[in-house]
Amino acid sequence: MSIARDGQKKGGWKTDAPVFTIRANVARMKFSPTLAMNERVGRARGEGRDILHMGFGESPFPVHPLIREALAEHADKNMYLPAAGLEPLRAAALGYFADKFGFDASGFSAVVGPGSKALIYALQAAVEGDLLHPVPSWVSYAPQAGLLADAVVPVRTRLADRLHLTASSLDEAVTNAQREGRHPTKLILNYPNNPSGLALKAERLKDIAAVCREHGLLVISDEIYGLVTYAEDHVSIARFYPEGTIVTTGLSKHLSLGGYRLGVALVPPNGKAVLDAVRRIASETWSCAPAPIQYAAVKAFERDPRLEAHIAACTRIHSLVSRFVRDAVVEMGVEYPELDGAFYCFPDFGVFRKKLEAQGVTTSERLAEHLLEKAGVATLPGTAFGDEPGNLTLRLSACDFDGEAALAWHAEHPDAGSEAFVRGCCPNVARACERLGEYFRE
Ligand SMILES: Cc1ncc(COP(=O)(O)O)c(C=O)c1O
């Protein structure tokens, strides 16, 4: 169909220009709530409003000089690369992550793409069936399934289970869905988790693996925060269910390289058909992840001690700042477990329901709006993560600080605790917590 342009009126459109109808499942989609909130905060700050940002999860540290140098060195790489990615990068990423995530990657292959988000979409697109979706979960999994017109089967979680599914809740969800004539084949897990900051530990993963094996599920295991863990080392479900797990990860979180758009999927030997499908999808959509970035990314997997020390320092800072936020929430009288990783928490402010209802706040969306209007604190409502509208949950992210200053402060005060650290170099995080306290106590 061609677009009718009125050549007579400069740049004007004919009133009878064709109307393009958006596909129903795309029309239902919203703009990603995290990106929408970030743009909104940018505009409000541009207008001079003093907004404290707990609504976006972008690790604020600068690009490490070794990565910057590697990228400059490969600025001349202007050719297309294989759709699955540069071979040395695929091999290096596979060895590195399997080792860090504690599983045996014999026979596994890696696919590289423009961010793990695109790879998760390609994996969902490649494999038939409905998506088992723990609630709360990261904002993009369900909309991606919606784009593909796949059904989403929510699996509710409880704070007592650290906001993760259990083997029995998974088993029940699969059985019920099958009884209703649905066909759940894919499960998305994410640990350490966005939005909760809580991880699935080895014992629980082992039990979940047994249920997955029984039902023949494909686990898309989103381990993008696997190197942002605070106390225990991260363990992948691929250790317990290698034959059915595809691990996705990348450089965005532990190296603060979200804008580099470099993601990896680690696929077991019996997932060859899925790997081929993802390659074909890549070949007809993004072609390849950007070549200079792929060449530079090899550096990220060389285990250079300077980079490893940088990752350790950034992770420690995330732990100090995130724990400060979690502790502030607990101090307000809201129950929340100790955090395991990433840079978020997902508290339920239901203890203030009566007080909030008196102000007309009965949903998480209204709560997030009200907080932004009244207290100048940006957050994301629980609904963005699949929670029921009436639950007064918010995702609070702990990233509104200057990463470069924080690294310098940390180098000078390596033993500082959470309180001293945040008061010392993260004024916006401290102020945001104060404003939250005032808002809820008022
Ligand atoms: C849980 C989770 N998975 C995946 C992604 C996407 O990461 P990438 O930059 O690799 O696309 C994010 C980014 O915010 C995330 O929080």
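Residues numbered from 1 in each chain as written. Predicted model: local features only at pLDDT ≥ 70, side-chain atom pairs only at ≥ 80, totals over all residues. Heavy atoms only, no water.

1. Here's the deal with the sheet that holds strand 12 (residues 394-397)
Stated precisely, the cut-off is as follows: In this analysis, strands are considered paired if DSSP registers two or more bridges between them. The secondary structure listing takes helices from DSSP runs of H or I that are at least 4 residues long and strands from runs of E that are at least 2 residues long, numbered from the N terminus.
Strand order in the open sheet formed by 3 strands is 9-12-11, and the pairing between neighbours is antiparallel. Of all the strands in the sheet, just strand 9 (344-345) and strand 11 (380-381) have a single pairing partner and so form its edges. In the sheet, strand 9 pairs with strand 12 via 2 bridges, with the strands oriented antiparallel. Following the sheet pairing, Y344 is matched in strand 12 by S397.

2. With respect to the side chain of R326
Our working rule: A 3.5 Å cut-off defines polar contacts: any pair of N or O atoms within that distance qualifies, except that in protein one atom must be a possible hydrogen donor and the other a possible acceptor, and neighbouring residues in sequence count only when both atoms are side-chain atoms. Residue contacts are defined here by distance: any two heavy atoms, one from each residue, within 4.5 Å place the two residues in contact.
Within the secondary structure, R326 sits in helix 11 (residues 305-331). A polar contact is formed between the side chain of R326 and the side chain of D327, at a distance of 2.8 Å. In this structure R326 touches Y336, P337, E338, L339 and C345, once residues within four positions along its chain are discounted.

3. What to know about the domain arrangement of the protein chain
Quick note on the threshold: Note: domain ranges come from an automatic or database domain assignment. The term buried area denotes the loss of accessible surface (1.4 Å probe radius) that occurs when two parts are joined, taken as the sum for both partners.
Taken domain by domain, the protein chain comprises domain 1 (33-60 + 306-441) and domain 2 (79-302). Each of domain 1 and domain 2 has a C-alpha centre, and these two points are 26 Å apart. On the side of domain 2, 32 residues touch domain 1, which itself brings 31 residues to the contact. Summed over both sides, the interface of domain 1 with domain 2 buries roughly 2700 Å², with 58% coming from carbon and sulfur. For the domain 1 face of the interface with domain 2, the top three residues by lost area are I311, D340 and F385, together amounting to 23%.

4. Topic: the site of the ligand
Counted only if it meets this: Think of it this way: one heavy atom of a residue within 4 Å of a molecule or strand is enough to make that residue near it. The Shrake-Rupley method, run with a 1.4 Å probe sphere, supplies the accessible areas, and residue values consider only the shown protein chains as cover. Any residue with an atom within 4 Å of a point lines the site, the site being either a cavity, points on a 1 Å grid over the protein atoms alone where a 1.4 Å probe fits but cannot get out, or a pocket, an open set with protein on both sides within 12 Å along at least 5 of 7 lines. In this scheme, a molecule is assigned to a cavity or pocket if more than half of its atoms are within 2 Å of the grid points.
With respect to spatial proximity, 13 residues lie near the ligand, and among them S116, D222, Y225, S252 and R261 are the closest. Here an oxygen atom of the ligand and a side-chain polar atom of W138 are 3.4 Å apart. Y225 places a side-chain nitrogen or oxygen 2.7 Å from an oxygen atom of the ligand. Relative to its free-state accessible area of 400 Å², the ligand is covered by the protein chains to the extent of 92%. A molecule is said to occupy a pocket when more than half its atoms come within 2 Å of that pocket's grid points, and by this definition the ligand occupies the second largest pocket.

5. Structural notes on unusual backbone geometry
Just so we agree on the cut-off: Exposure classes here rest on a 1.4 Å probe applied to the protein chains alone. A residue is buried below 20% of its type maximum, exposed above 50%, and partly exposed in between.
In the segment running from V135 into P136, the intervening peptide bond is cis, with an omega of 5°. Tracing the backbone through its elements, the reader meets P136 in the loop between strand 3 (130-135) and helix 6 (141-147). A positive phi is found at R261, a non-glycine position, where the angle reads about 55°. One can find R261 in the loop between strand 7 (245-250) and strand 8 (263-267). Assessed through its relative accessible area of 32%, R261 is described here as partly exposed. Its identity as a non-glycine residue notwithstanding, S287 has a phi of 70°, on the positive side. On the secondary structure map, S287 appears in the loop between helix 9 (272-284) and helix 10 (291-297).

6. Some details on the pairing of strand 7
With respect to burial, strand 7 is a largely interior element, 6 of its 6 residues being buried. Relative to strand 7, strand 6 (residues 218-222) runs parallel, the two sharing 4 bridges. Counterpart to S221 in the pairing with strand 7 is V247. Pairing geometry for strand 7 and strand 8, over 4 bridges, is antiparallel. Bridging from a neighbouring strand, T248 pairs with A265 of strand 8.

7. Regarding the packing of helix 7 (residues 167-179) against helix 8 (residues 202-215)
Put simply, the rule is: Lines are fitted to the C-alpha atoms to define the axes, a helix being fitted only along its stretch in contact, and any angle between axes, read from their N-to-C directions, falls within 0 to 180 degrees. Should an angle fall under 35 degrees it is called roughly parallel, over 145 degrees roughly antiparallel, and 65 to 115 degrees roughly perpendicular, with every other angle called oblique. Helix crossings fall into two classes, left-handed where the near helix is turned counterclockwise from the far one by less than a right angle and right-handed where it is turned clockwise. The classification used treats Ala, Val, Leu, Ile, Met, Phe, Trp, Tyr, Cys and Pro as nonpolar, Asp, Glu, Lys and Arg as charged, and all other residues, Gly among them, as polar.
At a closest axis distance of 8 Å, the pairing of helix 7 and helix 8 adopts a crossing angle of 20°. Taken together, the axis directions place helix 7 and helix 8 in an arrangement best described as roughly parallel. As for how helix 7 packs across helix 8, the hand of that crossing is right-handed. Contacts between helix 7 and helix 8 involve A167, L170, D171, V174, T175 and Q178 from the former and D207, I208, V211, C212, E214 and H215 from the latter. Partitioned by chemical class, the residues of the contact of helix 7 with helix 8 number 6 nonpolar, 3 polar and 3 charged.

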